[in-house]
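Chain by chain, the residues:
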Amino acid sequence: MYPAKFAYEAPRSIQELLDLLARHGDDAKVLAGGQSLVPMLKLRFAAPELVVDINGVPGLDHLTEDPDGTLRVGALCRHVTLERSALLAAEYPVMAAAAPLVADPMVRSRGTMVGSICHADPQGDWASVLMALGGHIVAMGPRGKRPIAMTDFVVGPFQNALQPGEFAYEAVVPPPVGQRTGTYLKLERRVGDFATVGVAVSLEHSGGRVVRAGIALTGVGPATINAADAADVLVGKPLSEETVEQAARLAAEAAQPQADHRGSVEYKRHVVATFVRRGLARGEVVAA
Amino acid sequence: MTALDEVKIGGLGASRLRVEDQRFVRGRGTYLDDIKLPGMLYMEIVRSPLAHARITRIDTSKAWQIPGVRLVLTGEMMAQRNLAWMPTLSYDTQAVLATDKVRFQGQEVVVVVADDPYIAKDGCDAVEIDYEPLPAIVNPEQSAAPGAPIIRDDKPGQTDNTCYRWEVGDREATERAFAEADVVSSLKLHYPRSHPSPIECCGAVADFDAGTGKLTVYMTTQAPHIVRAAVALIAELPEHQIRIVSPDIGGGFGNKVPVYPGYVHAILASILTGRPVKWIEDKTGNLISTGFGRDMYLDAQMALRRDGKILAVRMHADTDQGAFFADAQPSKFKVGLLHSAFACYDIGIGYITAQGHYTNKAPGGVAYRCSFRVTEAMFFQERMMQAAATDLGMDQAEFRRINLRRDVAFPARTPFGFLVDSGQYHKCLQVGLDAIGYDEFRREQAAAREKGRLLGIGISTMTEPLGAGNSREYDILGIKMFDSAELRVHLTGKAILRTGARTQGQGHETTWAQIVAHELGIPADDVVVEEGDTDTAPYGMGTYASRSTPVAGAAVSMAARKVRAKARKIAAHLLEVSEEDVEWELGRFYVRGAPERGASIQECAMAAYSNMPDGMEPGLEATAYYDPPNLTWPFACYIVTVEVDPETGVWDVLRVVAVDDCGVRINPMIVEGQIMGGLTEAYAMASMQFQTYDADGNMIGANYMDYLLPTAWETPGFELHEVVTPCPHHPIGAKGVGECAAVGGPAAFVNAVIDAIGDAGVRNIDMPLLPDRVWTALQTRQSVSGAPPVGRS
Ligand SMILES: Cc1cc2nc3c(=O)[nH]c(=O)nc-3n(C[C@H](O)[C@H](O)[C@H](O)COP(=O)(O)OP(=O)(O)OC[C@H]3O[C@@H](n4cnc5c(N)ncnc54)[C@H](O)[C@@H]3O)c2cc1C
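Residues numbered from 1 in each chain as written. Chains lettered and ligands numbered in written order. Predicted model: local features only at pLDDT ≥ 70, side-chain atom pairs only at ≥ 80, totals over all residues. Heavy atoms only, no water.

1. Some words on unusual backbone geometry
Okay, step 1: The omega angle of the peptide bond from Met767 of chain B to Pro768 of chain B is -10 degrees, so this bond is cis rather than trans.
Okay, step 2: Along the chain, the position of Pro768 of chain B falls in the loop between α18 (740-757) and α19 (771-780).
Okay, step 3: Cis geometry marks the peptide bond from Pro788 of chain B to Pro789 of chain B; its omega dihedral reads 5 degrees.
Okay, step 4: With respect to the helices, strands and loops of the structure, Pro789 of chain B is situated in the segment after α19.
Okay, step 5: Residue Ala120 of chain A is not a glycine yet carries a positive backbone phi of 55 degrees.
Okay, step 6: Examined against the element boundaries, Ala120 of chain A turns out to sit in the loop between α7 (113-119) and α8 (125-132). (Helix = DSSP H or I, 4+ residues; strand = E, 2+ residues; numbered from the N terminus.)

2. Thoughts on the site of the ligand
Residue and element names in this part refer to chain A.
Okay, step 1: Surveying the vicinity of the ligand reveals 30 residues, the closest of which are Val30, Gly34, Leu37, Thr112 and Asp125.
Okay, step 2: Here Ala168 contributes a backbone N or O atom positioned 2.9 Å from a nitrogen atom of the ligand.
Okay, step 3: For the ligand, whose unbound accessible area comes to 960 Å², protein coverage reaches 92%.
Okay, step 4: Mapped by element, the contributors of at least two residues to the shell around the ligand are β2 (28-31), α7 and β10 (167-173). (Near = heavy atom within 4 Å. Polar contact = N/O pair within 3.5 Å; in protein donor to acceptor, adjacent residues only side chain to side chain. Areas by Shrake-Rupley, 256 points an atom, 1.4 Å probe, with all protein chains shown as cover.)

3. Considering the interface of chain B and chain A
Okay, step 1: Contacts between the two partners involve 31 residues from chain B, matched on the other side by 24 residues from chain A.
Okay, step 2: Summing both partners gives a buried area of about 2,500 Å² for chain B against chain A, and 59% of it is carried by carbon and sulfur.
Okay, step 3: For Arg278 of chain A, the salt bridge is made with Asp645 of chain B, and the minimal N-O distance between the two is 2.8 Å.
Okay, step 4: Remark: the boundary between chain B and chain A carries eleven residue pairs in polar contact (both at pLDDT 80 or more).
Okay, step 5: Per element, the largest residue contribution to the side of chain B that touches chain A is five residues, and it comes from helix α4 (residues 117-126) of chain B.
Okay, step 6: Residues that form the side of chain B that touches chain A fall into these classes: 15 nonpolar, five polar and eleven charged. (Contact = heavy atoms within 4.5 Å. Buried area = accessible area lost by both parts, 1.4 Å probe. Salt bridge = Lys/Arg side-chain N within 4 Å of Asp/Glu carboxyl O. Nonpolar A, V, L, I, M, F, W, Y, C, P; charged D, E, K, R; others polar.)

4. Some thoughts on the packing of helix α12 (residues 265-281) of chain A against α19 of chain B
Packed helix pairs are specified by the crossing angle of their axes together with the interaxial distance, meaning the distance between the axes.
Okay, step 1: Axis separation between α12 of chain A and α19 of chain B bottoms out at 10 Å; the angle between their running directions is 95 degrees. Between α12 of chain A and α19 of chain B, the interaxial angle falls into the category roughly perpendicular. Taking contact as the criterion, the partners of Glu266, Tyr267 and His270 of chain A in α12 of chain A are, on α19 of chain B, Pro771, Asp772 and Trp775 of chain B. (Axes fitted to C-alpha atoms, helices over the stretch in contact; angles between N-to-C directions. Parallel < 35°, antiparallel > 145°, perpendicular 65-115°, else oblique.)

5. Looking at the domain arrangement of chain B
Residue and element names in this part refer to chain B.
Okay, step 1: According to the domain assignment, chain B contains domain 1 (21-28 + 482-626), domain 2 (32-134 + 201-249 + 256-289) and domain 3 (293-468 + 630-780).
Okay, step 2: Placing the centre of domain 1 and that of domain 2 at their C-alpha centroids yields a distance of 40 Å.
Okay, step 3: At the interface, 18 residues of domain 1 touch 19 residues of domain 2.
Okay, step 4: At the boundary of domain 1 with domain 2, total buried surface from both sides reaches about 1,500 Å², with 47% on carbon and sulfur atoms.
Okay, step 5: Inspection of the domain 1/domain 2 interface yields four salt bridges.
Okay, step 6: Between Arg243 and Asp533 there is a salt bridge, with its nearest N and O atoms 2.7 Å apart.
Okay, step 7: Residue composition of the side of domain 1 that touches domain 2, by class: six nonpolar, seven polar and five charged. (Domains from an automatic or database assignment.)

6. Some words on the nonpolar core
Okay, step 1: Counting residues in each nonpolar core, the largest one holds 136 residues, and the members touching the most others are Met302, Met315, Phe342, Tyr544 and Trp651 of chain B.
Okay, step 2: Here the element with the most residues in this core is α18 of chain B; it accounts for twelve residues.
Okay, step 3: If sequence neighbours within four positions are ignored, Tyr544 of chain B has contacts with Gln222, Ala223, Ile226, Val257, Phe372, Ile476, Met481 and Glu739 of chain B.
Okay, step 4: Of all hydrophobic cores here, the second largest spans 57 residues; its members include Val57, Ala127, Leu162 and Val173 of chain A. (Core = buried A, V, L, I, M, F, W, Y, C linked by side-chain atoms within 4.5 Å. Buried < 20%, exposed > 50% of the residue type's maximum accessible area, 1.4 Å probe, protein only.)

7. A few points about the sheet that holds strand β23 (residues 483-489) of chain B
Residues and elements named next belong to chain B.
Okay, step 1: Taken together, the four strands give an open sheet; going across it, the order is β25-β24-β23-β29, and neighbouring strands pair in mixed fashion. The strands lining the two open edges of the sheet, one partner per strand, are β25 (527-531) and β29 (621-626). In this sheet, adjacent strand axes meet at a mean angle of 15 degrees when their direction is disregarded.
Okay, step 2: Pairing analysis gives five bridges linking β23 to strand β24 (residues 495-499), with the strands arranged antiparallel. The residue bridging Glu486 from the neighbouring strand is Arg498, located in β24.
Okay, step 3: Lying over the sheet, helix α14 (residues 508-520) contacts β23, β24 and β25, oriented at roughly 130 degrees with respect to β25. (Pairing = 2+ DSSP bridges.)

8. Focus: the packing of helix α11 (residues 241-254) of chain A against α12 of chain A
Residue and element names in this part refer to chain A.
Okay, step 1: Following both chains from N to C, one finds α11 and α12 inclined at 145 degrees, their axes separated by 8 Å at the closest point. α12 is crossed by α11, and the crossing has right-handed handedness. Contacts between α11 and α12 involve Val244, Glu245, Ala247, Ala248, Ala251, Ala252 and Glu253 from the former and Arg269, Val272, Ala273, Val276, Arg277 and Leu280 from the latter.
Okay, step 2: Tallied by class, the residues present in the contact of α11 with α12 amount to nine nonpolar, no polar and four charged. (Left-handed = near helix turned anticlockwise from the far one by under 90°.)

9. Observations regarding the packing of aromatic side chains
All names here are of chain B.
Okay, step 1: Applying the stated criterion across every chain, the model contains 20 aromatic pairs over all chains.
Okay, step 2: Centre to centre, the rings of Phe104 and Phe324 are 6.4 Å apart; their planes meet at 80 degrees, and the pair counts as edge-to-face. A residue pair is termed long-range when its members are at least 10 positions apart, and Phe104 in the loop between β6 (101-102) and β7 (108-114) and Phe324 in the loop between β16 (310-322) and β17 (349-358) qualify at 220 residues. The same class applies to Phe104 and to Phe324, which are both buried.
Okay, step 3: A centroid spacing of 5.9 Å and a plane angle of 55 degrees characterise the contact between Tyr260 and Tyr263, whose relative ring orientation is tilted.
Okay, step 4: Taking relative accessible area as the criterion, Tyr263 reaches 1% and is therefore assigned buried.
Okay, step 5: Joined through ring pairs, the aromatic side chains of Trp85, Phe104 and Phe324 make up one cluster. (Phe/Tyr/Trp six-rings, centres within 6.5 Å; stacked < 30°, edge-to-face > 60°.)

Okay, structure coming up:
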């Protein structure tokens, strides 16, 4: 497990970081928590000329809520910070449910949510969570910041929509339009196992009806799957047995699983449907 | 003068903290990778990406051009030195570097030696190899199919993929018993390939000194003396010029018994470069190429009388050996100790056949915390017991009660020739049933089922033969399976003990000193234990097969008794009485009838160097070689309860009760640690752990993302109980324990899940019982096979 030769830079400011990325473009790789990049380097699956370690860059580790309710998760905010956040526990049930299910405690103390999303592993948990929440990534480059909707961010397995010279500055969850419920359910064989199936379900309720819904799937396709049709059938009405069943069926149809040693195609689709059902059962609000 | 308190001095029964942990928990162990010699070079291996292919071209020129690359070895270069192939411990041959074909994914093809491991890896990347792919064979059925490509076309006279055929038992008597049976119960299953997967991978630092002609090899081996013998025979170096040192070992579990090609590469590379060469496998290298466990198919029947009595058993096993028959197992039986199956039951008649198959998979080793296929034997046995009880409509516990041997029946001969030494099987079972609350659970289970909840209980009872060997039936390369101990008591009464075993987590540095304390009354803290250096250790066969305590541990006792015998003469001299008038109590000789007149063992030690009787050789030391009269036979009863989620097939363990009778316990804490470790591995095998292959022969399970080791998080809690039946033929009554729970445990978990499903159609689900397999069984109401290849569709 010995990586190929690479150069290493540790910028001390966002400007230095942007300069380095501008100079090296595609030949540079950002190192955040290193929990995916370092294994890739050691296996020689990745062999960048330059590794740009952003851990010394100030101002990237924030986890903040704007007055309007927008949540911002900085590029250096670690999984463990999210896991332990009182704010998430109180107001972001999907994120609070997902955080302790990502990897294992060692990885969580180092890895970042933004890094996970940039890595665009179809088995990564955070991409589904942010997708279900209708969130976006803020990219930063030579020309400043620009938002990239989560639904556009992942362009393929291990491929994201960042341009050369850009890095992901933060992940953003928009303010809710109703009361938030939802959860993240993950079938894993062991702690630290990637998802055989993961399902993020996010609902916002108002006036006894679902006003916004998001369902996204982990590990059952070549990339994170946005089960938009499944979410859409829930919107504009109260949750009912019928809509839940429809959503479960549509989500299972949206899945594109492959048979492998973790399970058959039928099984994975079945678990998607089961988890959507279970997730929505937890999504009911007492009195809205 | 009051006698010493044995537990206080760290003798038998003392749960002494492990001496070795003092350095391990401080990070002060010396593992192979901690060894750095001046001028040392580093070696990396280019492995085959394909499972079966003809090599059409190897071009190493670009690798040679990389600055810092010192040597690139190919099969051709090995062949020039007659080293392209080496003998295996199972009397087959194995490629050291591939010359003609590659026969499994991960096979060693080229070796690069360089100034540092990064450059060595760059060198590997620069090697160009062309392959012409051949069809891959990944299971015995494909291997035996007519027209299958012959994997071992290197072997003259090999016309198919059969590796061996073997049988034991009485075929005709068995057929007769089956003809008379009221009920015949049958079962087919696959015990998947697993891997011992020690955290520290295999490796070596080879250091050939051209000046002295001495070869020193630091090596992760569980059996340094066997390696020395093998090196002497393969490399044709004089044995006295070979020193094998096994430093602290980061886990073995059977993985570090075989002799691997990498050791040979490192040795040759050191000879050719004149410099020390370090080779350490990466995790994938270890998982993809080194000794696996299991991968065995069972097709078995049991002949039963309606009242529950087992009349006979008949088993056929197909073993998937991989590309080379490299099992490191010392019995004279081709399929190891598979025929130890059913030893705990009173069954008079049986017949077992086995066939080994070459496949395009990694070669054997074949142990994973087990004595050479005992794990398969006990798993098959206990799965068959469950199926038979179900077929009879009989309660699982009652069916075992009817057939377990009675206490008066020992020693008992099994239909396959073993002599079972002792045990209290019914008592162990009862302790287990009481602990779990068997009858109450059955009521709970029925009530839960009404509500659609699936609870299940699984029992596994077994005795296994431990402690290879005795010299009649066990040898490695012709060397008999004894072991040895050498005890030197210094003049101040402190001592050093060396044995031919090699600890790798078992705690020998702690427990051997306890045996000395028990025999001599020297406090365990005053005894230092050293193992693993062939220049200093007495000749022994190493540590595996739970053999250390049964064999080397017995030798420790015997060496200490020799020391005591000499000390007795010295005591007589000191006390000025004749030897017959000297009595012994722990730590002290005294004059019969005058107990206040005595000489402590320490006083005798001092006198051995300063005041010995006339005509006596000075010194107080002894060496003992121990050839056990029989194997030792611990018994265990494991009971597991589970709940299965009918919607997802996910199952949770509710409780695990373990009752182990491993004879006298030297250090109860270490024994319990061994049992918990074994149960953890049993749970792993039952729930998540396997190596499988796709149709192209790609291994799935060649890294820790796919090959799962359970963590503390999901590992269930264990409730441990004990029964003690001293081993009648071991000096201190101990039996082995290192493997029991890993051997007997898996069936308890599987039986519990099958019981929870409670559908006659679902006779079996192959391990690991992944949620999708359990769900599929629930959906189809049929058994679920897990045999490779795994599908891609
Ligand atoms: C044993 C183990 C188990 C795991 N299990 C899981 C699991 O169950 N579920 C799961 O979701 N993940 C799992 N992971 C992955 C883990 O979540 C990683 O932490 C995460 O995928 C990457 O985050 P990081 O900060 O470590 O990123 P890094 O490893 O530093 O980077 C990953 C990739 O993203 C890029 N990158 C990182 N940050 C930025 C940025 N700000 N801008 C642009 N590009 C960036 C890097 O260049 C690299 O290509 C596991 C990892 C390990 C080692």
